[in-house]
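Structural characterization, general
The lines below spell out each chain.
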Amino acid sequence: ANETLKRLCETGEKNLDKYFSSVEQSVEMVEAYIESDLDGADDARLQAHLDRVSEICKRIMSKTDGVMTYYYRIDPAVSTNVGGFWYVRGEDGEFYPHEVTDITQYDTSDTSKLVWFTVPKENGKPVWLPPYITDNLGARVLSFNIPIYHEGTFVGVFGIEIDYSTMAEQVDNISLYDSGYAFINDTEGGIIYHPRMDVTTMEEQPKVPDGLLGEDNLVRYTYDGAEKLGIWLPLENGMRLNVCVPVKEVDAGWKTWANTVALTFLAMLALFIFLAMVFSGRITGPLRKLTEMSERVDG
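Residues numbered from 1 in each chain as written. Predicted model: local features only at pLDDT ≥ 70, side-chain atom pairs only at ≥ 80, totals over all residues. Heavy atoms only, no water.

Helix 2 (residues 43–61) packs onto helix 1 (residues 2–37) with a crossing angle of 155° between their chain directions and a minimal axis gap of 10 Å. Between helix 1 and helix 2, the interaxial angle falls into the category roughly antiparallel. In terms of crossing hand, the pair formed by helix 1 and helix 2 is right-handed. Taken together, the residues of helix 2 that come into contact with helix 1 (itself represented by Ser 26, Met 29, Val 30, Tyr 33, Ile 34 and Asp 37) are His 49, Arg 52, Val 53, Ile 56, Cys 57, Ile 60 and Met 61. (Axes fitted to C-alpha atoms, helices over the stretch in contact; angles between N-to-C directions. Helix = DSSP H or I, 4+ residues; strand = E, 2+ residues; numbered from the N terminus. Parallel < 35°, antiparallel > 145°, perpendicular 65-115°, else oblique. Left-handed = near helix turned anticlockwise from the far one by under 90°. Contact = heavy atoms within 4.5 Å.)

Shown next, in the form of structure tokens:
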């Protein structure tokens, strides 16, 4: 059971990491182009730069699975006239420009607001954000964002928002026994997706059971009065993938296997005894007749 859980979790981890990596690579490709193309922070150069980046994004993002939106936003401290762009995927799969959020109405040093902009600006490095509801679309998304600098000065943020359900579908494909399942938690231990609860509608973010917060990645813990066997592995974006199964199902599976082995052994033993008796009769019969004939001759 431990080995099965481990292999199942490893497979899920590889699939999720492959997906998250593809998102990161798309953003990093655009970032590389931005850094090579950005040649000044005056309004005219910024606007021309944004137009060129927009064309590059259309080609790259259309090939990235699960992308809902992508954006390149300029810090108001750099320009109040050139705000950047925001593209949203339509029902036909194409990306269309959307009205951008007015960043000038916010304090960009407050990381509790506009997290897709303020957090990477504050951290100064690429960052994955836990699920949130987009202000204008009302959709639940995950986002990966990279701060943009020009000659050491913060210029803005380029980022991508992916459909929350794309990640959920991958997790839903992980199952074991009758009621084993997988779920994902963030770096703080908060559950961000669980197939048995609608995290998106809960007032408070649920936490993973205490047993899954330690350093040991294979643990036994109790949840809702049931003892469970669980394993977790870290994902590339800092989250954790957890796979768990009730211990009673593991024990039942082991007992079924043991009974099957025992019955098979008994059946093979009975067959062996039967064959031994058959072959024994075939051999001892002729010997007995030979012995009787010998006695008659001697007599």
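Read on, since the account is not over.
Taken as a whole and judged by the stated rule, the model has 15 aromatic pairs. Taken together, a centroid distance of 5.2 Å and an interplanar angle of 10° make the contact between Tyr 70 and Tyr 87 stacked. Of the two residues, Tyr 70 sits in strand 1 (residues 67–74) while Tyr 87 sits in strand 2 (residues 84–89), which places them 17 residues apart along the sequence. Among the residues examined, Tyr 70 registers a relative accessible area of 0% and is labelled buried. What links up through ring pairs into an aromatic cluster is the set Tyr 70, Tyr 72, Phe 85, Tyr 87, Phe 95 and Phe 158. Looking at Arg 140, its charged tip hangs above the ring of Tyr 164, at a distance of 5.3 Å from the centre. Sitting over the ring of Trp 232, Arg 240 keeps its end group 3.4 Å from the ring centre. (Phe/Tyr/Trp six-rings, centres within 6.5 Å; stacked < 30°, edge-to-face > 60°. Buried < 20%, exposed > 50% of the residue type's maximum accessible area, 1.4 Å probe, protein only. Lys NZ or Arg CZ within 6 Å of the ring centre and 35° of its normal.)

Residue placement: Lys 207 occurs in the loop between strand 9 (191–193) and strand 10 (218–223). Considering only alpha carbons, one finds Lys 207 and Gly 190, 17 residues apart in sequence, at a separation of 4.5 Å. Beyond its immediate chain neighbours, meaning those up to four positions away, Lys 207 contacts Glu 188, Gly 189, Gly 190 and Ile 191.

A word on helix 3 (residues 115–123). For helix 3, the full list of buried residues reads Trp 116, Phe 117, Thr 118, Val 119 and Pro 120. Of the surrounding secondary structure, the elements contacted by the buried residues of helix 3 are strand 1, strand 4 (127–133), strand 5 (140–150) and strand 6 (153–163).

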